[in-house]
Amino acid sequence: MEIAVIGGGAAGFFAAISGKTHHPDSRVVIYEKSDKLLAKVKVSGGGRCNVTHACFTNSQLVKYYPRGGKELKKAFAYFSTNDTVKWFEGRGVKLKTEEDGRMFPITNDSQTIINCLMSETKKLGISIEKVQPIISIERDTQNFKLTLRDKVIIADKVIIASGGSPKPEGFAWLERLGHSVESPVPSLFTFNMPNEAVKTLMGVSVENASVRISGTKLKTEGPLLITHWGMSGPAILKLSAWGARVLKDLNYKFTIQVNWLGEMNEDEARTIFEEEVRIHPKKKISNSNIFKLPSRLHLFLLSKVGIHPENIMEGMGKKNQNRLLNTLLNDEYKVEGKTTFKEEFVTCGGIKLNEVSMDSMESKKCPGLYFAGEVLDIDGVTGGFNFQSAWTTGFIAGKLSQ
Ligand SMILES: Cc1cc2nc3c(=O)[nH]c(=O)nc-3n(C[C@H](O)[C@H](O)[C@H](O)COP(=O)(O)OP(=O)(O)OC[C@H]3O[C@@H](n4cnc5c(N)ncnc54)[C@H](O)[C@@H]3O)c2cc1C
């Protein structure tokens, strides 16, 4: 059996390794259009490769995928985060977990992952052809005819692991096989706020803020970082991922409401605030950082609502107290534009999942054709979830089950 794997990225390598392991008598060839293999693995996670996430319950894991989570539940039953850890550790790559759950090789070097995948393909006798873009695929009755840059090959099974494409035209060759595509839009970006003074606080971060997008149901919580351009950090990145399509429709111009106190509601905040005024009536407002915000942010918010920081707590007055509480819980900022988050950029969109059997990754439109990785309409938030999806779908596709 001749198995052609299209794409030499994380999903392609994992699919090829799984293909050869499950079908040792077959000939497996990876065709890569560029002259580089595993290029994204190399630059991933700031050069450290965030291989997966320490989330070992599948029902929890699927919640990190704005697109494809529901469908991945089936796939994770075959190969999940636990299997990724075992797979790499079984080949001498020890992983470590950071405080936020992200898992990296203990070497802190993505080359470790590349070396492991390269040596595994070599050991199994998988062939790799670089600078061999697949231009078209035709289905014959028995097999597939693949047109490459300078030759035509015949394969019995084809695994497409060609990654995402920022342009719909990038999927045209797959549409010709009868597949439809969810149009690609960027995911995982930070918010630009060219006209907001909050940027002067660049470098300030809040451990747990809650952010919502006005006029939508989109809301996330988590660490928030103020940058040169606007806002970033996990809360913002998650919001960009969950809102990828809506935000594109808004042309990246919208208003966000930040609750600097995370999940705290007005009643709770008011009770704490009034108690503080009662206990320390003569304390200077600037020294009464009741909610333990970074002091630069505390002073910024006071000035935003026009409260003099040198005044004392009991002199604040009900009106100012209400304005401050409202700003702490419901602080509005105008977003105008986005910046790609270079640490972990993914596209939302790709081959529609209802056209793929998620327990085999086989196409429902074209038997013998399989999909793996970001070419599918699956994407996760930051934290190692995108590679996990590549390992899972690659592993399953390589089994070539029907
Ligand atoms: C800078 C950056 C950092 C990231 N960091 C992380 C991280 O730390 N953790 C995480 O989980 N995710 C991370 N991601 C996302 C992750 O890299 C991707 O989700 C993952 O690489 C997808 O793997 P893939 O094999 O599906 O696609 P890709 O890695 O994109 O590989 C697809 C391959 O197919 C080739 N190809 C395309 N078309 C053809 C064709 N017609 N013929 C032949 N070959 C073709 C491409 O050249 C490419 O090599 C990061 C992404 C970026 C850009």
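Cut-off values and rules
Residues numbered from 1 in each chain as written. Predicted model: local features only at pLDDT ≥ 70, side-chain atom pairs only at ≥ 80, totals over all residues. Heavy atoms only, no water. Near = heavy atom within 4 Å. Polar contact = N/O pair within 3.5 Å; in protein donor to acceptor, adjacent residues only side chain to side chain. Areas by Shrake-Rupley, 256 points an atom, 1.4 Å probe, with all protein chains shown as cover. Helix = DSSP H or I, 4+ residues; strand = E, 2+ residues; numbered from the N terminus. Nonpolar A, V, L, I, M, F, W, Y, C, P; charged D, E, K, R; others polar. Expected span 1.5 Å × (residues − 1). Buried < 20%, exposed > 50% of the residue type's maximum accessible area, 1.4 Å probe, protein only. Pairing = 2+ DSSP bridges. Axes fitted to C-alpha atoms, helices over the stretch in contact; angles between N-to-C directions. Contact = heavy atoms within 4.5 Å.

Asks: Explain the site of the ligand here, please?
Replies: In the vicinity of the ligand, 32 residues are found, and the nearest of them are A11, E32, E343, E374 and F387. Here an oxygen atom of the ligand sits 2.8 Å away from a polar atom, N or O, in the side chain of E374. The fraction of the free accessible surface of the ligand (1,000 Å²) that becomes covered by protein chains is 90%. Counting residues per element, the ones that place at least two in the shell around the ligand are helix 1 (10-22), helix 2 (39-47) and helix 13 (385-399). Here the element with the most residues in the shell around the ligand is helix 2; it accounts for four residues. Here the residues of the shell around the ligand sort into 13 nonpolar, 12 polar and seven charged.

Asks: Would you mind showing me how to read helix 13 here?
Replies: Residue pairs three or four apart in sequence face the same way in an α-helix, which turns once every 3.6 residues. Along its 15 residues, helix 13 runs 22 Å from first to last C-alpha, staying within 8% of the 21 Å computed at 1.5 Å per residue. Counted residue by residue, helix 13 has 14 buried out of 15 residues, so it is predominantly covered. Phi turns positive, to about 55 degrees, at L400, one or two residues after helix 13.

Asks: Looking at this structure, I do not really get the sheet that holds strand 16 (residues 253-259). What am I missing?
Replies: Each strand in a sheet pairs with another by means of backbone hydrogen bonds, the pair being arranged parallel or else antiparallel. The strand order across the open sheet built from seven strands is 17-16-13-14-15-12-18, with neighbouring strands paired in antiparallel fashion. Every interior strand has two partners, whereas the edge strands, strand 17 (331-336) and strand 18 (338-340), have only one. Neighbour-to-neighbour, the strand axes of the sheet open up by a mean angle of 40 degrees, direction not taken into account. Here strand 12 (residues 189-192) runs beside strand 18; their pairing, made up of three bridges, is antiparallel. Counted as the bridge partner of F189 is T340 from strand 18. Contacts from helix 8 (residues 234-242) reach strand 12, strand 13 (205-213), strand 14 (219-226) and strand 15 (230-232), with the element oriented near 130 degrees to strand 14.

Asks: What is the right way to read the pairing of strand 16 from this model?
Replies: Taken across its seven residues, strand 16 has six buried, putting it largely inside the fold. Of the pairings in the sheet, the one linking strand 13 to strand 16 comprises four bridges and is antiparallel in character. Its bridge partner being in strand 16, I213 is matched across the sheet by I256. Where strand 16 lies against strand 17, six bridges are found, and the strand directions are antiparallel. Its bridge partner lying in strand 17, I256 is registered against Y333.

Asks: How should I be thinking about unusual backbone geometry in this particular structure?
Replies: Peptide bonds are, in most cases, trans, and in most cases residues other than glycine have a negative phi. Non-glycine residue L38 carries a positive phi angle of around 50 degrees. Relative to the helices and strands, L38 resides in the loop between strand 2 (27-31) and helix 2. Of note in this structure, L400 is not a glycine but carries a positive phi near 55 degrees. Note that L400 resides in the segment after helix 13.

Asks: What's the story with the sheet that holds strand 5 (residues 102-105) in this structure? I'm lost.
Replies: In spatial order, the strands read 3-5-4; together these three strands make up an open sheet with antiparallel pairing. On the outer flanks of this sheet lie strand 3 (52-53) and strand 4 (95-97), each paired with one strand and no other. Pairing of strand 3 with strand 5, which is carried by two bridges, proceeds in the antiparallel orientation. In the strand pairing of strand 5, H53 is matched with R102.

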